[in-house]
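Spelled out, the chains give:
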Amino acid sequence: MVDGRYKKEFELEVLQYFNQIYEIITNNFLEVVEESERPDFICKRKNGELVGVEIVQVRRGHPNDVLYDKYINKNPDIDPFESIDLIQTLIYEKELKRKSIDWKLQDRTILIVQLKESPLWEIANALTEELFPDLPGYGFCEIWLADFCEVEAYSNIELYCLFPPYLSGYYKRPMSKPYG
């Protein structure tokens, strides 16, 4: 249970960082009402509407392989094209899970794809509708990429909205480095 509690605290931290920028972009805030598993959280918007929030992290494989790649091969980040492939796969896999019978708020869930090893600025120009043609048919109400690669340096994150179209695009970091 300790691992489950740690995972939930980590997801809550991701949501808190996301919320800071999401509120600036959408003039909305997601207040956590309930911790859940499918989706990770049930939240309430300013207007009282309940939405689910599901968080998934882009990873490049087994932790041992990642350490080897980072420190022996000196590859701190995932290759941008590999990152896009992983994002596409994760969204598809989460869509399959979203359709499961035990998923709460199936048609009102926001998917947050957390990037920790693939800076958004490296892939933002490549993120086109052609790469994600199935998103309008998926059931997520919003799909966001959240760049956590430089959160320690900037104390905030950057976002890219893949869906819905009226929010889609790259939302760069709203402030500069606090020191230097």
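Small disclaimer: the values here were computed from a predicted structure and weren't measured. (Residues numbered from 1 in each chain as written. Predicted model: local features only at pLDDT ≥ 70, side-chain atom pairs only at ≥ 80, totals over all residues. Heavy atoms only, no water.)

### Examining the packing of aromatic side chains
Rule in force here: For this analysis, a ring pair means two rings from Phe, Tyr or Trp (six-membered ring only for Trp) whose centres lie within 6.5 Å, classed as stacked if their planes differ by under 30 degrees, edge-to-face if by over 60, and tilted for the remaining angles. Secondary structure counts use DSSP, requiring at least four H or I residues in a row for a helix and at least two E residues in a row for a strand, with both numbered from the N terminus. Residue burial is assigned from relative accessible area. The probe radius is 1.4 Å, only protein chains are included, and a residue is buried under 20% of its type maximum, exposed over 50%, and partly exposed in between. Charges are assigned to positions over rings by a cutoff of 6 Å between ring centre and Lys NZ or Arg CZ, combined with an angular limit of 35 degrees from the ring normal.
Using the criterion set out here, one finds six aromatic pairs in the structure. Centre to centre, the rings of Tyr 17 and Phe 148 are 5.7 Å apart; their planes meet at 80 degrees, and the pair counts as edge-to-face. With Tyr 17 in helix H1 (residues 2–26) and Phe 148 in the loop between strand S5 (142–147) and helix H5 (151–154), this pair connects stretches of sequence that are 131 residues apart. Given the relative accessible area of 7%, Phe 148 is considered buried. Among the aromatic residues, those joined into a ring-pair cluster are Phe 18, Tyr 22, Trp 144 and Tyr 171. The ring of Phe 140 has Arg 98 sitting right over it, with the charged end atom 5.9 Å from the ring centre.

### Brief notes about helix H3 (residues 80–98)
Definition in use: Working rule for helices: expected span equals 1.5 Å times residues minus one. When we speak of the arc, we mean the arc of directions from the helix axis to the C-beta atoms. By definition in these notes, contact holds between two residues if any of their heavy atoms fall within 4.5 Å.
Between the first and last C-alpha of H3 there are 27 Å, a value that for 19 residues agrees with the 27 Å anticipated at 1.5 Å per step. For H3, the full list of buried residues reads Ser 83, Ile 84, Ile 87, Leu 90, Ile 91, Lys 94, Glu 95 and Arg 98. When H3 is viewed along its axis, its buried side chains cluster within an angular range of 135 degrees and face the same direction. Elements in contact with the buried residues of H3: strand S3 (50–57), strand S4 (109–115), helix H4 (120–123), S5 and strand S6 (158–163).

### Structural notes on a negative patch on the surface
How we decide: Patch definition: residues above 30% relative accessible area lacking any salt bridge, with like charges linked at up to 9 Å and the nonpolar side chains Val, Leu, Ile, Met, Phe, Trp and Tyr linked at up to 5 Å. Residue-level accessible areas treat just the shown protein chains as cover; the underlying method is Shrake-Rupley with a 1.4 Å probe. One side-chain nitrogen of Lys or Arg within 4 Å of one carboxyl oxygen of Asp or Glu is enough to make a salt bridge. Positive charges come from Lys and Arg alone, negative charges from Asp and Glu alone, with His and the N- and C-terminal ends not counted. Each charge is placed at NZ for Lys, CZ for Arg, CG for Asp and CD for Glu.
A cluster of acidic side chains, namely Asp 79, Glu 82, Asp 85 and Glu 122, defines a negative patch on the protein surface. Inspection of the secondary structure assignment puts Glu 82 in helix H3.

### Things to note about the side chain of Asn 19
Positionally, Asn 19 belongs in helix H1. Taking relative accessible area as the criterion, Asn 19 reaches 4% and is therefore assigned buried. Those residues in contact with Asn 19 that lie beyond four places of it in its chain are Phe 29 and Leu 30.

### What to know about the environment of Leu 131
Along the chain, Leu 131 falls in the loop between H4 and S5. Under the relative-accessibility criterion, Leu 131 is labelled partly exposed at 30%. Sequence-distant contacts of Leu 131, that is, excluding residues within four places in its chain, are made with Ile 84, Gln 88 and Ala 126.

### As for the confidence of the model for the protein chain
Caution applies to low-pLDDT regions: their predicted coordinates should not be interpreted in detail. Note the cut-off: Confidence scores here are pLDDT values: one per residue, from the predictor, ranging 0 to 100.
Mean pLDDT over the protein chain works out to 88, with 83% of the residues at or above the 70 mark. For the protein chain, per-element mean pLDDT is lowest for helix H2 (residues 63–72), which scores 62, and highest for strand S2 (residues 41–44), which scores 98.

### Details of the nonpolar core
One broad rule of soluble globular proteins: the nonpolar side chains tend to lie buried together. Cut-off, in case you're wondering: We define a nonpolar core as any set of buried Ala, Val, Leu, Ile, Met, Phe, Trp, Tyr and Cys residues linked to one another through side-chain atoms lying within 4.5 Å.
If you look at the biggest cluster of nonpolar residues, it comprises 23 residues, and the most contacted ones within it are Ile 87, Ile 91, Leu 127, Leu 145 and Leu 162. Put simply, the parts of the chain that give this core at least two residues each are H3, S4, H4, S5 and S6. Here this core gets four residues from one element, more than from any other, and that element is H3. Ignoring sequence-local partners within four residues, the contact set of Leu 127 consists of Ile 84, Leu 120, Phe 132, Leu 145, Tyr 160 and Leu 162. Membership of the second largest hydrophobic core comes to 21 residues, among which are Val 14, Trp 144, Phe 148 and Leu 167.

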